[in-house]
Amino acid sequence: MTDTITVTTAEEREAIIGAVREFADTELAPYAAERDEKHLFPRESLQKAGELGLGGIYVREEFGGTALSRTDTVAIFEELAKGDPAVAAYISIHNMVAWMIDTYGDETQRAAWLPQLTAMREFGGYCLTEPGAGSDAANIATSAVRDGGDYVLTGAKQFISGAGEAAVYVVMARTGEPGARGISAFLVPGDAEGLSFGAPEKKMGWHAQPTRPVILDGVRVPASALLGEEGRGFAIAMSALNGGRLNIAACSLGGAQWALDRTVQYVHERVAFGEPLAEKQSILFQVADMRTDLQAARLMVSDGARAVDAHAPDATMRCAMAKRFATDAGFDVANRALQLHGGYGYLQDYGIERVVRDLRVHQILEGTNEIMRLIVGREMLRASGSATLQRGGATATRSAS
């Protein structure tokens, strides 16, 4: 299916971002510290996000989506993350699930799930990672065995955001041969018999969203729960990750920008050795570098978004570069913001340490940054190898003539 994108004018885009900023300022930022401390999942705020159109940002309008471009989307997630990176990241995962159903589902599947998901009256979960197959996602062991008109799913998924809260899970399971070609995708209802969840993980950050194992013990779903074609699950999962990587990169930008803004304010107010920190050249250099790094990352994320919107052949590589660069830069800027706050940066009251903890995982999820380097390096060598072969062929032709 070809994405249907709503083209926004500059005025429309400004209005959208303004509405998202107001939502982040009123529904996310004031409660971020409490949600982090008490591990509260913000169901009511997420439902309000759905009312604003944030449950299906790049889903077609037919089923309640807003059909925005990825260029608009990354700007939205940066604003959301300024309010709360952990909640913004979950909204990204939820949107990825909705997009997968919209893109690869049939009319019955879209009608059954999308209206509730886009309104965020119900939530979605993405189940790919397993205890023994993290970055090596093509080696998942969860099985889906055909039994008459049904499939029976057995296995376990690890590190699943929203587990226990979602109404539907997109589950990758093996239906055939080893490797990527034997994987299919299924829509598993959250109340399916045999579906259960492990204890909530005790995490460094992301306390505002639950992360739990998902256990499938002979879960029986009808053949109509197959998303797309059998054997296409890995390709479906990977296609969703382009947008997911951009969103997480944008969340890193938003969280880091919030930390930088607080740091600029702090160095104006903090006096040391008889003058404000803002008057010290070493501080000015650090703040300048932090701002420069974020702007460079922002441009790379925008480039990746344009590549996805244009269906560019190198979109996966450009998204991988953006994700790696922006999540590394975002964490580094937030960590430097903590350092510039001194001891106060280590205190929960200032919020900087929370952002540092939340942004750290962005370098791991949606494909670790080491995997991003592999994607870019392999694409570079593949392209270089093809060019070498073409030049060699041309040389051979000239020599023969």
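The structure we're discussing is the one just above.
Here the structure is a predicted model, which is why all the values come from computation and not from measurement.

**Student:** How do you make sense of the nonpolar core when you look at a structure like this?
**Tutor:** Buried together is how nonpolar side chains tend to be arranged in soluble globular proteins. Grouped together as the largest cluster of nonpolar side chains are 100 residues, with contacts concentrated most on Leu 80, Met 100, Tyr 126 and Met 172. Broken down by element, this core gets its largest block of residues, 17 residues, from helix α7 (residues 233-269). What Met 172 contacts, discounting residues up to four positions off in sequence, is Met 100, Tyr 126, Cys 127, Leu 128, Ile 140, Thr 142, Lys 157, Ile 183, Ser 184, Ala 185, Gly 233 and Ala 237. Counting residues in hydrophobic clusters, the runner-up holds 20 residues, among them Tyr 151, Leu 153, Ala 166 and Val 214.

**Student:** Where do I start with the pairing of strand β5 (residues 183-189) in this structure?
**Tutor:** A regular strand places its side chains on the two faces of the sheet in alternate fashion. For β5, the buried fraction is high: six of the seven residues fall into the buried class. The sheet contact formed by strand β4 (residues 168-174) and β5 spans seven bridges and is antiparallel. The partner of Arg 174 across the bridge, within β5, is Ile 183.

**Student:** How should the pattern of salt bridges be read in this particular structure?
**Tutor:** Where charged atoms of side chains with opposite charge meet at close range, the side chains can pair. Evaluated as defined, the whole model comprises 23 salt bridges. For Asp 72, the salt bridge identified is with Arg 13, shortest N-O distance 2.5 Å. Of this pair, Asp 72 sits in helix α4 (residues 70-83) while Arg 13 sits in helix α1 (residues 10-28), and the two are 59 residues apart along the sequence. Take Arg 13: its relative accessible area is 29%, and that puts it in the partly exposed class. Residue Glu 353 pairs with Arg 357 through a salt bridge whose shortest N-O separation is 2.7 Å. Here Arg 357 and Glu 353 lie together in helix α10 (residues 352-360), a separation of four residues that amounts to about one turn. Take Glu 353 and Arg 357: they sit in the same class, and that class is buried. The network of salt bridges with shared partners includes Asp 303, Arg 306, Asp 314 and Arg 318.

**Student:** Help me out: how do you make sense of the state of the cysteines in this one?
**Tutor:** Counted by the stated rule, this structure contains zero disulfides. There is no disulfide at Cys 127, and the cysteine sulfur nearest it, in Cys 251, is 20 Å away. The class of Cys 127 is buried, set by a relative accessible area of 0%. Distance from the sulfur of Cys 251, which forms no disulfide, to the nearest cysteine sulfur (Cys 319) is 14 Å. The buried category is assigned to Cys 251, whose relative accessible area is 0%.

**Student:** Teacher, can you tell me more about the pairing of strand β1 (residues 124-127) here?
**Tutor:** Covered by surrounding structure in β1 are Gly 124 and Tyr 126 together with Gly 125 and Cys 127, the residues of both alternating faces. Bridging between β1 and β4 involves four bridges; their strand directions are parallel. Each bridged residue has a counterpart across the sheet, and for Tyr 126 the counterpart in β4 is Val 170.

**Student:** It is not clear to me how α1 should be interpreted in this structure. Could you clarify?
**Tutor:** It helps to recall that an α-helix has 3.6 residues per turn; residues three or four apart then point in one direction. Compared with the 27 Å implied by 1.5 Å per residue over 19 residues, the 26 Å span of α1 between its first and last C-alpha is a close match. Every buried residue of α1 is listed here: Ile 17, Val 20, Phe 23, Ala 24, Glu 27 and Leu 28. Each buried residue of α1 lies within a common arc of 120° when the element is viewed along its axis, so the set occupies one face. Exposed side of α1, more than 90 degrees from the buried face: Ala 10, Glu 11, Glu 14, Ala 15 and Glu 22 are the residues found there. Residues of α1 that are buried in the fold lie against α2 (32-38), α3 (43-51), α4 and α5 (85-104).

Calculation criteria
- Residues numbered from 1 in each chain as written.
- Predicted model: local features only at pLDDT ≥ 70, side-chain atom pairs only at ≥ 80, totals over all residues.
- Heavy atoms only, no water.
- Core = buried A, V, L, I, M, F, W, Y, C linked by side-chain atoms within 4.5 Å.
- Buried < 20%, exposed > 50% of the residue type's maximum accessible area, 1.4 Å probe, protein only.
- Helix = DSSP H or I, 4+ residues; strand = E, 2+ residues; numbered from the N terminus.
- Contact = heavy atoms within 4.5 Å.
- Pairing = 2+ DSSP bridges.
- Salt bridge = Lys/Arg side-chain N within 4 Å of Asp/Glu carboxyl O.
- Disulfide = S-S within 2.5 Å.
- Expected span 1.5 Å × (residues − 1).
- Arc of directions from axis to C-beta.

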